[in-house]
Structure formats: C-alpha cells, structure tokens
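The chain contents come next:
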Amino acid sequence: QHNPGGPFGGGLQCEACHGAAGAHPDRYGDGEQRPAMPAFGANATRSAAEQNGQCLSCHNNHAGRAWADSPHADADLRCSDCHSIHSAQDRISQPQQQTELCSGCHTQQRAELLQISAHPLRQGAMACGDCHEPHGQTLGDALLIRSNTRDTCLDCHAEKRGPFLWEHAPAAEDCGQCHRPHGSNHRALLTVAKPLLCQQCHSQAGHPSVPYTANGLPTGNPSGFVLLNSCSNCHDQVHGSNHPSGAGLLR
C-alpha cells in the first residue's frame, strides 16, 4: 500500500525516483550480474547529496529552498533517513513517530522529555515540527519556525503575548531566560526552582531576595508559602499585568 502523498499518489512511477530500469527486469542466467538500480538509504552506493538531489528535483520549490545551508544537510542527512515514501503513511507525518525519529539523533532532548515537566511530545499531543523547521527554511536559531524563541512560543501561548501595561522584561525578551523548551525537573519547565530563579535578577535592595530557609524564619519551621512558590505567591502575574495597580506584577 503506497503513500498517497508520495510519488505514486502524484501519478508517478518507480522510474521517477530510481531512474530508467533499462535491462533491470530482463532474465539473467546463473552467475550473471543484474544491473543495480539507483537506490536510497545508508547502504546505497550513491552519496547523500546525490540521493537528495533526486528528491529535490521535485521538491526544490518548498523543502529544498534552504536545504543546502541547513544543519541537517551539513550532517549528510538523507531525505530517506526521515521520510518513508513506500509505506502507507510517512512516519514523519505522525507526531509520536516524528518525536521518536528526531530523538534518535537528538539524545539530549530525548532525555529532557523524560523529566517531570515537559512538552507533550512523547504523548503525541505535539510534534517537533510544531516548533522547528527541519529543512532550514527559517531565520531563527535551532531551526525554529519563527525568527526567535519568544515568537515561536507565542504561537501556542498567545495569552502571554501582551502588550501589557506593566511588562516583566525577561518575558518580553526571551522565554528561554526562565523556561527550558523540552523539559525540566522543575515545574512549568523552569530553568531553576523558585525563589532562586527570581533571585538571579532581583537584588536585595528594597526587598529581601536571599534564598529563604527554615533557619531564617522566626519559629525555625519551614513555611510552604515561603519555601515553595515563594515570590509568585504575591507576584503571580510574572509575564505582565494590565491592572492599573499591577506595577509590581501583583494582579
């Protein structure tokens, strides 16, 4: 069963990708060598560039426009390493299979997806392609679909976009200053647990910003209001506020 989005679904035949068959279907006697047809994959005699060139002869106007300068092309990746055109459905089009495929090479990201707070890629609720453009058609770092991290995040997290009357500078610049995109062992994909995260920027001037422990409390007993959510117990509008009295991101 062929892939309806592949060459056969577009009315092409085997020779469109594998070249003219020539004498390939003829009968051969014992010991006679059958001429090899141009093949694809790691075991093929042709280089990755030659194999990809066959695909780009049709796909150059979209997937191939920036492929030559992309990191995947620099790594000698073949189209067939990710795409499977002979199967009924290309594996890269299935979110969960796409994540498994990408994480086969991107092992650090695979490990991060196993942490306690992570984007739902392993569950198939989203795919790597929701944030990344693997063919290189992007102006952003890390093959992001937008020109920067914040704009990519805001495609889904539109409620954090603003504009806000009172802005929190890091949130208006780069989500990656506070959040890890693939996974974290802290809640909400945070890079560091609160209050330590806030205290990386906010000094002691005018407000106590040292890490709170039980030793700093009058009774010597830990308080969940201080040691857990800490700063965000009061400053809960961490991305920005439109309230007239929200200068301190309190409401």
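Up top is the structure.
Residues numbered from 1 in each chain as written. Predicted model: local features only at pLDDT ≥ 70, side-chain atom pairs only at ≥ 80, totals over all residues. Heavy atoms only, no water.

Draft legend 1. Geometry of the overall build of the protein. Counting its secondary structure elements, the protein contains 9 helices and 4 strands. Contacts in the protein between residues far apart in sequence, at least 24 positions, make up 44% of those at least 6 positions apart. Roughly 16,200 Å² of accessible area belongs to the protein as shown, and the carbon and sulfur atoms make up 54% of that amount. (Helix = DSSP H or I, 4+ residues; strand = E, 2+ residues; numbered from the N terminus. Contact = heavy atoms within 4.5 Å. Areas by Shrake-Rupley, 256 points an atom, 1.4 Å probe, with all protein chains shown as cover.)

Draft legend 2. Summary view of the packing of aromatic side chains. For the coordinates displayed, the defined rule picks out 0 aromatic pairs. The ring of Phe40 has Arg46 lying over it, and the distance from NZ or CZ to the ring centre is 4.8 Å. (Phe/Tyr/Trp six-rings, centres within 6.5 Å; stacked < 30°, edge-to-face > 60°. Lys NZ or Arg CZ within 6 Å of the ring centre and 35° of its normal.)

Draft legend 3. Just the pattern of salt bridges, in detail. Evaluation of the coordinates by the stated rule reveals 4 salt bridges. Asp81 is the partner of Arg78 in a salt bridge, and the nearest nitrogen-oxygen pair spans 3.3 Å. Assessed through its relative accessible area of 17%, Arg78 is described here as buried. Taking the relative accessible area as the measure of exposure, Asp81 reaches 25% and is therefore partly exposed. Residue Lys160 pairs with Glu159 through a salt bridge whose shortest N-O separation is 2.7 Å. (Salt bridge = Lys/Arg side-chain N within 4 Å of Asp/Glu carboxyl O. Buried < 20%, exposed > 50% of the residue type's maximum accessible area, 1.4 Å probe, protein only.)

Draft legend 4. Examining the state of the cysteines more closely. Counted by the stated rule, this structure contains 0 disulfides. With no disulfide of its own, Cys58 lies 6.9 Å from the sulfur of Cys17, the closest cysteine sulfur. Cysteine Cys198 remains unbridged, with the sulfur of Cys231 as its closest cysteine sulfur at 3.8 Å. (Disulfide = S-S within 2.5 Å.)

Draft legend 5. Main features of the environment of Glu167. Inspection of the secondary structure puts Glu167 in strand β2 (residues 166–167). Sequence spacing of Glu167 and Asn242 is 75 residues, and the spatial spacing of their C-alpha atoms is 8.7 Å. When residues no more than four places from it in sequence are discounted, the contact partners of Glu167 are Ala172 and Gly240.

Draft legend 6. Structural view of helix α5 (residues 95–103). Within α5, burial applies to Gln98, Thr99 and Ser103. Looking down the long axis of α5, one finds its buried residues gathered within 120° of arc, a one-sided arrangement. (Arc of directions from axis to C-beta.)

Draft legend 7. Here's a closer look at the side chain of Arg78. Within the secondary structure layout, Arg78 lies in the loop between α3 (71–74) and α4 (79–82). Non-local contacts of Arg78, meaning those with residues more than four positions away in its chain, are made with Gly41, Ala42, Ala48, Gln51 and Asn52.

Draft legend 8. Quick look at the side chain of Arg150. Among the structural elements, Arg150 can be located in helix α7 (residues 149–154). Buried charge Arg150 goes without a salt bridge, the closest partner of opposite sign being Asp151 at 4.6 Å. Among all residues touching Arg150, those that are not within four sequence positions of it are Lys160, Arg161, Ala171, Ala172, Glu173 and Cys175. (Lys, Arg positive; Asp, Glu negative; His and termini not counted.)

Draft legend 9. Seen up close, the environment of Arg46. You can see Arg46 is positioned in the loop between α1 (15–18) and α2 (48–59). Excluding residues that lie within four positions of it along the chain, Arg46 makes contacts with Pro38, Ala39, Phe40, Gln51 and Gln54. One polar contact links the side chain of Arg46 to the main-chain carbonyl oxygen of Ala39, over a distance of 3.3 Å. (Polar contact = N/O pair within 3.5 Å; in protein donor to acceptor, adjacent residues only side chain to side chain.)

Draft legend 10. The arrangement of unusual backbone geometry in detail. Residues Gly162 and Pro163 are joined by a peptide bond in cis, for which omega reads 5°. Take Pro163: it is sitting in the loop between α7 and β2. Phi at Asp76 is positive, roughly 60°, even though this residue is not glycine. Along the chain, Asp76 turns up in the loop between α3 and α4. Phi at Ala142 is positive, roughly 55°, even though this residue is not glycine. Within the secondary structure, Ala142 is located in the loop between β1 (117–118) and α7.

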